[in-house]
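Listed below, chain by chain, are the residues.
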Amino acid sequence: MSRIGKRPITIPAKVQVAIDGTKIVVKGPKGELSRTLRDNVSLSQEGEILHVNRRDETRTSKQLHGLSRTLVANMVEGVSQGFQRRLEIQGVGYRAQLQGRNLVLNMGYSHQVQIEPPEGIQFAVEGTTNVIVSGYDKEIVGNTAAKIRAVRPPEPYKGKGIRYAGEVVRRKAGKTGKGGKK
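One structure accompanies this document, and this report is about it. None of these values were measured; they are calculated from a predicted model.

## Details of the sheet that holds strand β2 (residues 16-20)
Alright, step 1. Taken in spatial order, the three strands of this open sheet run β2-β3-β4, and their pairing is antiparallel. The open sheet has two free edges, formed respectively by β2 and β4 (32-36), since each of these has just one partner strand. For this sheet the average axis-to-axis angle between neighbouring strands, irrespective of direction, equals 10°.
Alright, step 2. Here five bridges tie strand β3 (residues 23-27) to β4, and the two strands are oriented antiparallel to one another. In the sheet register, I24 faces β4, and the bridge partner there is R35.

This is the structure we're talking about:
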C-alpha cells in the first residue's frame with residue numbers, strides 16, 4: 001500500500017468538500033477548486049476526514065494512489081491557507097515593480113518584461129529584489145514562479161538572475177588569467 005496514499009486528509013472547519021463519483025469540488029475562504037480524478041481511485045468522506053482508496057491492485061492504480069491523495073490534499077490546503085513561492089533577484093540594475101496587478105521586471109534587456117498574473121494569482125514585491133507569487137492553486141503558483149524565473153535564470157559565473165528563495169546556484173571558476181599556449 002502506498003505510504004502517501006493511505007494517509008487520511010483532514011478537512012479544516014471552513015472548507016466544504018463535495019464528491020460526485022471521481023469529481024471533487026473543494027470550497028474554502030481563499031477560493032474554489034475542482035478536479036476529476038482517474039477511475040482507478042475512489043474518494044470517501046467520513047465526517048472531517050477524507051480517504052483516497054484504490055479500486056483494484058493493478059500497477060496503474062498503485063501509481064495513481066499517492067498522486068491522487070497528494071492532489072486532493074493540495075486542493076484542501078490551497079483553499080484554506082493558500083500557497084506562495086518567493087523569488088530573489090540578484091544583479092546590478094535588476095529590479096521588479098508592480099503596475100496595477102502586472103509584474104514589471106527590469107532584467108538588463110533593452111525592454112521591460114511585463115508578466116500578467118493568471119486567474120487566482122497575486123504578485124507582491126518586497127523592496128525591489130524580492131517577488132512573492134501567491135494563490136490557492138499550487139500548480140498555477142509553481143508554473144507562474146517558473147515563468148518569472150525563466151525571464152533571466154541565474155547564471156553560474158556571477159550568480160546574476162532570478163532564483164527561488166533558498167536556491168543554491170553552483171558557481172563556476174571562470175577565466176584563470178594569462179596562462180595559455182606559447
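## Re the sheet that holds strand β6 (residues 49-54)
Alright, step 1. Strand order in the open sheet made by the three strands is β1-β6-β5, with antiparallel pairing throughout. Either end of the sheet is taken by a strand with one partner, and the two such strands are β1 (9-10) and β5 (41-46).
Alright, step 2. Two strands pair when backbone bridges link them, and β1 and β6 are joined in this way by two bridges, in the antiparallel orientation. What sits directly across from I9, in β6, is L50.
Alright, step 3. The strands touched by helix α1 (residues 59-80) are β1, β5 and β6; relative to β6, the strand with the most contacts, the crossing angle is about 160°.

## Re the nonpolar core
Alright, step 1. In terms of nonpolar packing, the biggest core is built from 20 residues, with L105, V133 and I148 touching the most fellow members.
Alright, step 2. At the level of elements, β7 (83-90), β9 (102-106), β10 (113-115), β11 (121-126), β12 (130-135), α2 (138-149) and β13 (161-164) are the ones that each hand at least two residues to this core.
Alright, step 3. Discounting chain neighbours no more than four positions away, the residues touching L105 are I89, R95, A96, Q112, V113, I115, I148, V151 and I162.
Alright, step 4. With 18 residues, the next largest nonpolar core counts V41, L64, V72 and M75 among its residues.

Parameters and conventions
Residues numbered from 1 in each chain as written. Predicted model: local features only at pLDDT ≥ 70, side-chain atom pairs only at ≥ 80, totals over all residues. Heavy atoms only, no water. Pairing = 2+ DSSP bridges. Helix = DSSP H or I, 4+ residues; strand = E, 2+ residues; numbered from the N terminus. Axes fitted to C-alpha atoms, helices over the stretch in contact; angles between N-to-C directions. Contact = heavy atoms within 4.5 Å. Core = buried A, V, L, I, M, F, W, Y, C linked by side-chain atoms within 4.5 Å. Buried < 20%, exposed > 50% of the residue type's maximum accessible area, 1.4 Å probe, protein only.

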